[in-house]
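# Analysis of the macromolecular model
The chain contents come next:
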Amino acid sequence: MDPSNSRVVNINTDQRFPSARMKSPNFLSSIGAHEFLSIETWKAALTELIATTLLMFTLISSIVACLNSSHNPQIIIPFAVFIIAFLFLNVTVPLTGGHISPVFSFIAALKGVVTLSRALLYVLAQYIGAIIGFFIIKCVMDPKFIDTYSLGGCSLGDKGQSYGMIKPQDALLLEFTCTFLVLFVGLTCAFDKRRHKDLGLPMICMVVAGSLALAVFVSITVTGNVGYAGVGMNPARCLGPALLYGGSLWNEHWVFWVGPFLACLVYYSVSINMPKESLDWVEGEYDVLRLVVGSCGTVSASTV
């Protein structure tokens with residue numbers, strides 16, 4: 001094919017369909033479609049997959065070990081969550097941003113810290129990684145522990161045992177509140193560039209890990225229900241064991257999805273109305289509100 005002919009065709013097409021020439025590239029660039037072609041993006045997604053696999057394996061194994069110990073698990077489990085989360089964040093934040101959870105990827109996409117395309121790849125990698133992690137646990141864990149603790153999955157309790165079953169609306173409220181707690185305490189600090197520079201990476205990771213541990217501690221102590229496994233705050237962590245073990249883990253499973261993502265939406269609406277004088281926010285070029293308003297053409301995107 002003669003390159004000059006294809007050039008003429010392209011020029012004529014652009015002249016006949018100016019709206020397609022102007023809108024299509026803008027939309028693709030706004031969602032970061034170019035990142036699908038970037039080898040670095042796929043490397044980052046692979047890193048998220050590996051990190052999520054290892055996180056699920058170490059975290060759930062540690063939680064089951066704590067539950068099976070004679071010591072007070074309500075104190076030991078949050079401490080274990082803090083240590084494990086701190087270590088994984090220190091490793092993954094410089095490499096991928098340290099998401100390791102669809103919740104963090106979702107809020108990062110809403111805030112414009114990452115593109116929608118990168119967030120999608122991260123989320124897919126996290127779900128796959130969680131399934132692999134729980135598959136490893138199912139293969140190596142004592143069957144007695146698997147049945148006793150339902151593979152370490154997210155559970156509201158057995159419907160056949162009403163004394164251990166937490167109400168779905170109460171579990172939803174806990175999922176929302178605890179996830180919002182982590183976002184407000186941990187990510188508000190992480191998204192502040194000036195505070196990130198002043199405190200340094202280890203301290204920021206400690207704040208985020210501490211907020212996760214605090215949310216876990218609150219959730220497993222406040223209800224007093226034996227059958228309630230505590231908040232998930234991570235749909236990937238809840239989906240893996242539900243697929244591999246099933247049973248009671250599918251009871252009101254939607255709670256572990258709706259609660260965290262609803263918290264992300266509410267946190268996003270709160271974060272864009274926070275005072276900016278004392279904060280130096282990460283510049284979100286792909287901020288969802290900026291994209292929507294800019295695409296409507298009613299207000300300049302720079303004013304959002």
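None of the values given here were measured: they were computed from a predicted structure.

### Observations concerning the overall build of the chain
- Counting secondary structure elements, the chain contains 13 helices and 0 strands.
- Looking at the chain as a whole, 44% of its 304 residues are labelled buried.
- In the chain, 75% of the contacts between residues at least 6 apart in sequence involve partners at least 24 apart.

### Observations regarding the nonpolar core
- Counting residues in hydrophobic clusters, the biggest one holds 56 residues, and the most contacted among them are Leu 55, Phe 104, Ile 107, Leu 183, Leu 187 and Met 233.
- Where this core is concerned, the elements lending two or more residues are α3 (39-68), α4 (73-96), α5 (102-111), α6 (116-140), α8 (168-190), α10 (201-222), α11 (235-244) and α12 (255-271).
- By residue number, the principal contributor to this core is α4, which donates 8 residues.
- Not counting residues up to four positions away in its chain, the partners in contact with Leu 183 are Val 103, Phe 104, Ile 107, Thr 188, Ala 263, Cys 264 and Tyr 267.
- Residues Ala 45, Leu 121, Tyr 122 and Ala 125 belong to the second largest nonpolar core, which totals 6 residues.

### Some details on the pattern of salt bridges
- Summed over the entire model, instances satisfying the criterion amount to 3 salt bridges.
- Among the salt bridges present, the one from Arg 118 reaches Glu 35, with a minimum N-O distance of 2.7 Å. With a gap of 83 residues between them, Arg 118 in helix α6 and Glu 35 in the loop between α2 (18-30) and α3 connect regions that are remote in the sequence. Per residue, the accessibility class of Arg 118 equals that of Glu 35, and both read buried.
- Put simply, Arg 195 and Asp 192 hold a salt bridge, and the shortest N to O gap is 3.6 Å.
- Residue Asp 192 is classed as buried on the basis of its relative accessible area, which comes to 2%.

### Some details on the state of the cysteines
- On inspection of all chains with the given rule, the structure shows 1 disulfide.
- Each sulfur in the disulfide pair Cys 154 and Cys 238 lies 2.1 Å from the other. Between Cys 154 and Cys 238 the sulfur-sulfur dihedral comes to about -75 degrees; the bridge is accordingly left-handed. With Cys 154 in the loop between α7 (143-148) and α8 and Cys 238 in helix α11, this pair connects stretches of sequence that are 84 residues apart.

### Quick look at the packing of aromatic side chains
- Scanning the model with the defined rule gives 7 aromatic pairs in all.
- Centroid distance Phe 82 to Phe 86: 6.2 Å. Interplanar angle 15 degrees. Geometry classified as stacked. Linking Phe 82 with Phe 86, this pair stays in helix α4, spanning 4 residues, or about one helical turn.
- Taking 6.1 Å as the distance between ring centres and 75 degrees as the angle between the ring planes, the aromatic pair formed by Phe 180 and Tyr 267 counts as edge-to-face.

### Looking at the packing of α6 against α11
- Two elements in contact, α6 and α11, have axes whose closest approach is 8 Å; the angle formed by their N-to-C orientations is 45 degrees. Considered as vectors, α6 and α11 are oriented oblique to each other. Helix-helix and strand crossings are classified by hand; for α6 and α11 the assignment is right-handed. Along the contact surface, α6 presents Gln 126, Tyr 127, Ala 130, Ile 131, Phe 134, Phe 135 and Lys 138, while α11 presents Pro 235, Ala 236, Arg 237, Leu 239, Gly 240, Pro 241, Leu 243 and Leu 244.
- Its residues assigned to classes, the contact of α6 with α11 comprises 11 nonpolar, 2 polar and 2 charged.

The rules behind these values
- Residues numbered from 1 in each chain as written.
- Predicted model: local features only at pLDDT ≥ 70, side-chain atom pairs only at ≥ 80, totals over all residues.
- Heavy atoms only, no water.
- Helix = DSSP H or I, 4+ residues; strand = E, 2+ residues; numbered from the N terminus.
- Buried < 20%, exposed > 50% of the residue type's maximum accessible area, 1.4 Å probe, protein only.
- Contact = heavy atoms within 4.5 Å.
- Core = buried A, V, L, I, M, F, W, Y, C linked by side-chain atoms within 4.5 Å.
- Salt bridge = Lys/Arg side-chain N within 4 Å of Asp/Glu carboxyl O.
- Disulfide = S-S within 2.5 Å.
- Phe/Tyr/Trp six-rings, centres within 6.5 Å; stacked < 30°, edge-to-face > 60°.
- Axes fitted to C-alpha atoms, helices over the stretch in contact; angles between N-to-C directions.
- Parallel < 35°, antiparallel > 145°, perpendicular 65-115°, else oblique.
- Left-handed = near helix turned anticlockwise from the far one by under 90°.
- Nonpolar A, V, L, I, M, F, W, Y, C, P; charged D, E, K, R; others polar.

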